[in-house]
Amino acid sequence: MKQPIIALLTDFGLSDHYVGVLKGVISNINPNATMIDITHLIEPQNIRQGAILLQEVYPYYPKGTIFVAVVDPGVGSSRDAICIKTSKGYLIGPDNGLFSFILANERSYEIRKIENDKYFRRPLSATFHARDIFAPAAAHLSKQDIFKTLGRKLKRIGVSWNTVLKWSDESLVGEIVYIDRFGNGITNISKSEFKKANKTSQRVKLKSKEVSMKEFFAEGKKDELIAVWNSSQLLEFAVPNDSAEKKYEIKVGDSVEVSTL
Amino acid sequence: MKQPIIALLTDFGLSDHYVGVLKGVISNINPNATMIDITHLIEPQNIRQGAILLQEVYPYYPKGTIFVAVVDPGVGSSRDAICIKTSKGYLIGPDNGLFSFILANERSYEIRKIENDKYFRRPLSATFHARDIFAPAAAHLSKQDIFKTLGRKLKRIGVSWNTVLKWSDESLVGEIVYIDRFGNGITNISKSEFKKANKTSQRVKLKSKEVSMKEFFAEGKKDELIAVWNSSQLLEFAVPNDSAEKKYEIKVGDSVEVSTL
Amino acid sequence: MKQPIIALLTDFGLSDHYVGVLKGVISNINPNATMIDITHLIEPQNIRQGAILLQEVYPYYPKGTIFVAVVDPGVGSSRDAICIKTSKGYLIGPDNGLFSFILANERSYEIRKIENDKYFRRPLSATFHARDIFAPAAAHLSKQDIFKTLGRKLKRIGVSWNTVLKWSDESLVGEIVYIDRFGNGITNISKSEFKKANKTSQRVKLKSKEVSMKEFFAEGKKDELIAVWNSSQLLEFAVPNDSAEKKYEIKVGDSVEVSTL
């Protein structure tokens, strides 16, 4: 039988030994594990960025996938190690907000604290729980359904960042939450909000200046700042064949308004 | 039976969610897919660089390999999505020149437009065809020979960049086409041109200055700019244990002349 | 039967074709090979950094693992290509010091020169032995136990860098050997030295200035430079949620003293 995929997202970078250690630990427990790197280049300790990227890739993975996500500035302190069973598969990592965007869209899920030291790597370090707790839990889970034996059930996650955007008159106000490699600015404004409200988006403003909406990138003119509904149905700012970050100095936190008039 | 390898080359970078999404989509269609990353660090939208690197790795992969190459500034516009069956395996991506260097060395091949929406991911976005068209086509092809059902046959690729170097008297003139991580400058002058013409390369000039030819890197002196026939039989400029890019300011486009006298 | 893992560590970077070529060559010889990337971002030609990272990941991999490590400024010169059989698995690469830290902790091992050209890729290049010698040797070894047929037995490795730290009165003196992505400074002082000597570490000095020891990162105060025994039991300098490299300008080579008083 095909084993579930273990998909990895961390801020460990690609230059150090951390990712290589993780993969060694997983292979050691389950030599048949199929590991996929989502990314290891989350900005060091930027939990929110990790949460955004995890939410972006989550829908595309097959049922049964075990996500291991580690952006963990509080490692060794009192934050819990958790495993969440969702409709798709499992989420494993620190309880610091990393999974809150995903959970906001899940109807039902079960959270367990990872505390059964039968699954820990020994000696347990105070600084590398990815190696000693998260990777072993994922590797054991990929071999056998040990979810209920990981530890006690938790009622809710400890840190939740889900923010619901609010309508103000006929407009929805959000912000740029992420700048990608191409210099495109991705916002937290989703097309689905307009569907839900039975409204049609008509005008887009970035820091109070109107921006032209297009169907796809190549439709824009050279050097023109445009807005599109991107492949995740989020509003995104771009410059065709160029970088909106460099050309228009867009940045994370810039306010965005989409109105229906 | 062993499934074919799906080898990925893109300009998506390693920091964003794009590569993680691709791999999720492929795994979802074919949970047994074997994916190999060639590189995801092609300079954003630099199609020519993508074409050079794809050509460099192509000969080393086993028969049956499915190459997915995406450097796609024209996504959403009228450029075709294509799949090419070659003597080795399959090439999948936008019809924008990415495959032209490989095809220049292939005796026979068949090109199909990818237009059968049975294989598309829905809803089809205007900005992420790698996710909605190329990855699904590759994943389906890795399970079953669906090549002929992808779409109509095309006579030729739409964009071809293959350039044939010309002899001028007793010398072959080309240029530096790529600078690698070590600061070495790789040219488009191949040793095979000299064999074909029954000639022997004797002298190398970079921007009209003579450069000494060596057998291997370690043969050069400290700080010396040398030329070698590299592992792909292309002329390459290097400085032993150092960077020719930094020491001698070589760059893409610098003219190179190899003469037989 | 499950095949052994081939774990790759190089200084080839992730932007060029070199890693993609390696993986193609291995797949071509063994289509069922399981390859894991440790890292390809060793600083170009920094053999010592490669040796440190290889030593860090080595303990975590399963028995049978074949490590291919290539940081090879002397490629094409007289340095040997070697394969070492250890208690864990195999080490393959140039004989230039890359494996010396691992071997210092191995009780017994056997070294073979890789010289049987039956396993070479032809034509053999002078500049890319990873492709023509190391990768093919690893791929063949992953299919069948051909260790003894690789070439003659060597008595010892040609270059060994293992340095034994010495006690000076009641203190052990070492240095920072590596700065990681988080700006933490990792030293060559191991907790095990204190156990061996039946002593307890008490005070840490970095460039003669005392630094406070903590159990884990989150125990330090904001902006405070702290020392911890890291997850590999090596002394490490860090600033909680920040970079010690940026805040305190720590760097490779900085002297470190740990005393028992």
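The structure reproduced in this document is the subject of the present report. (Residues numbered from 1 in each chain as written. Chains lettered and ligands numbered in written order. Predicted model: local features only at pLDDT ≥ 70, side-chain atom pairs only at ≥ 80, totals over all residues. Heavy atoms only, no water.)

## Overview of the side chain of A:Thr86
Residues and elements named next belong to chain A.
Okay, step 1: For Thr86, the position within the fold is in the loop between strand E4 (81–85) and strand E5 (90–94).
Okay, step 2: Of note is the side chain of Thr86, whose polar atom sits 3.1 Å from the backbone nitrogen of Lys88.
Okay, step 3: Not counting residues up to four positions away in its chain, the partners in contact with Thr86 are Tyr58, Leu91, Leu103, Glu106, Ser108 and Tyr109. (Helix = DSSP H or I, 4+ residues; strand = E, 2+ residues; numbered from the N terminus. Polar contact = N/O pair within 3.5 Å; in protein donor to acceptor, adjacent residues only side chain to side chain. Contact = heavy atoms within 4.5 Å.)

## Quick notes on the interface of chain C and chain B
Okay, step 1: The interface of chain C with chain B comprises 34 residues on the first partner and 29 residues on the second.
Okay, step 2: Both sides together, the interface formed by chain C and chain B hides about 2600 Å², and carbon and sulfur atoms give 57% of it.
Okay, step 3: By the criterion of area lost to chain B, the three top residues of chain C are C:Asp16, C:His17 and C:Thr127, representing 22% of everything that side buries.
Okay, step 4: Linking chain C to chain B there are zero salt bridges. (Buried area = accessible area lost by both parts, 1.4 Å probe. Salt bridge = Lys/Arg side-chain N within 4 Å of Asp/Glu carboxyl O.)

## A word on the interface of chain B and chain A
Okay, step 1: The interface is formed by 34 residues belonging to chain B together with 29 residues belonging to chain A.
Okay, step 2: Between chain B and chain A, roughly 2600 Å² of surface is buried when both sides are summed, and carbon and sulfur atoms account for 57% of that area.
Okay, step 3: Considering only the side of chain B, the residues that lose the most area to chain A are B:Asp16, B:His17 and B:Thr127, jointly responsible for 21% of the buried surface there.
Okay, step 4: Inspection of the chain B/chain A interface yields zero salt bridges.
Okay, step 5: Where chain B packs against chain A, one counts 11 residue pairs in polar contact (both at pLDDT 80 or more).
Okay, step 6: A total of eight residues in the side of chain B that touches chain A trace back to one element, the largest contributor, which is helix H1 (residues 18–29) of chain B.
Okay, step 7: Within the side of chain B that touches chain A, the residues separate by chemical class into 14 nonpolar, 15 polar and five charged. (Nonpolar A, V, L, I, M, F, W, Y, C, P; charged D, E, K, R; others polar.)

## Looking at the relation of the copies chain B and chain A
Okay, step 1: After a rotation of 120 degrees and a shift along the axis of 0.0 Å, chain B superposes on chain A with an RMSD of 0.0 Å. The operation mapping one copy onto its partner corresponds to a three-fold rotation axis.
Okay, step 2: Interface overlap between copies is the fraction of interface residues in one copy that are interface residues in the other; for chain B against chain A it is only 6%, indicating separate surfaces. (Least-squares fit on C-alpha atoms with pLDDT ≥ 70 in both.)

## Focus on the pairing of strand E12 (residues 209–213) of chain A
Residues and elements named next belong to chain A.
Okay, step 1: Bridge analysis of strand E11 (residues 203–206) against E12 gives three bridges, and the strand direction is antiparallel. Directly across from Val204, in E12, lies its bridge partner Val211.
Okay, step 2: Taken together, E11 and the strand that follows it, E12, pair antiparallel across an intervening segment of two residues, in which Lys207 is found at a positive phi of about 45 degrees.
Okay, step 3: In this sheet, strand E13 (residues 226–229) lies alongside E12 in parallel orientation, the contact comprising two bridges. In the strand pairing of E13, Met213 is matched with Ala227. (Pairing = 2+ DSSP bridges.)

## With respect to the pattern of salt bridges
Okay, step 1: Scanning the model with the defined rule gives 53 salt bridges over all chains in all.
Okay, step 2: Residue C:Lys23 is joined to C:Asp37 by a salt bridge in which the shortest nitrogen-to-oxygen separation is 2.8 Å. Remark: C:Asp37 occurs in strand E2 (residues 34–39) and C:Lys23 occurs in helix H1 (residues 18–29); sequence separation between them is 14 residues.
Okay, step 3: With relative accessibility at 7%, the residue C:Lys23 sits in the buried group.
Okay, step 4: Residues joined by salt bridges that share partners form a network here, namely A:Lys222, A:Asp223, A:Asp242 and A:Lys247. (Buried < 20%, exposed > 50% of the residue type's maximum accessible area, 1.4 Å probe, protein only.)

## A short note on the relation of the copies chain C and chain B
Superposition of the two copies of the chain requires a rotation about an axis together with a shift along that axis.
Okay, step 1: Relative to chain B, chain C is turned by 120 degrees and slid 0.0 Å along the rotation axis, the superposed coordinates differing by an RMSD of 0.0 Å.
Okay, step 2: With a heterologous cut-off of 20% or less, the 6% of interface residues of chain C that recur at the interface of chain B puts this contact in the heterologous class.

## A word on helix H4 (residues 129–143) of chain C
Residues and elements named next belong to chain C.
Okay, step 1: Taking 1.5 Å per residue, 15 residues should reach 21 Å; H4 reaches 20 Å between its end C-alpha atoms and fits that length.
Okay, step 2: Its axis deflected by about 30 degrees at Ala135, H4 carries its strongest bend there, up to four residues before the proline Pro136.
Okay, step 3: Judged by how many residues are buried, H4 sits mostly within the fold: 13 of 15 residues are covered. (Expected span 1.5 Å × (residues − 1). Bend = angle between axes of the 7 residues up to and from the residue.)

## Looking at the sheet that holds strand E6 (residues 110–113) of chain A
Residues and elements named next belong to chain A.
Okay, step 1: Strand order in this open sheet of seven strands is E2-E1-E3-E5-E4-E6-E7, and the pairing throughout is mixed. Two strands in the sheet have a free side with no partner beyond their single neighbour: strand E2 (34–39) and strand E7 (153–154).
Okay, step 2: Here strand E1 (residues 5–10) runs beside strand E3 (residues 66–70); their pairing, made up of five bridges, is parallel. Residue Ala7 lies in a different strand from E3, and its bridge partner there is Phe67.
Okay, step 3: Where helix H1 (residues 18–29) meets the sheet, it contacts E1 and E2, and its direction lies at approximately 155 degrees from that of E1. (Axes fitted to C-alpha atoms, helices over the stretch in contact; angles between N-to-C directions.)

Treat this as a map of the structure, not an account of what it does.
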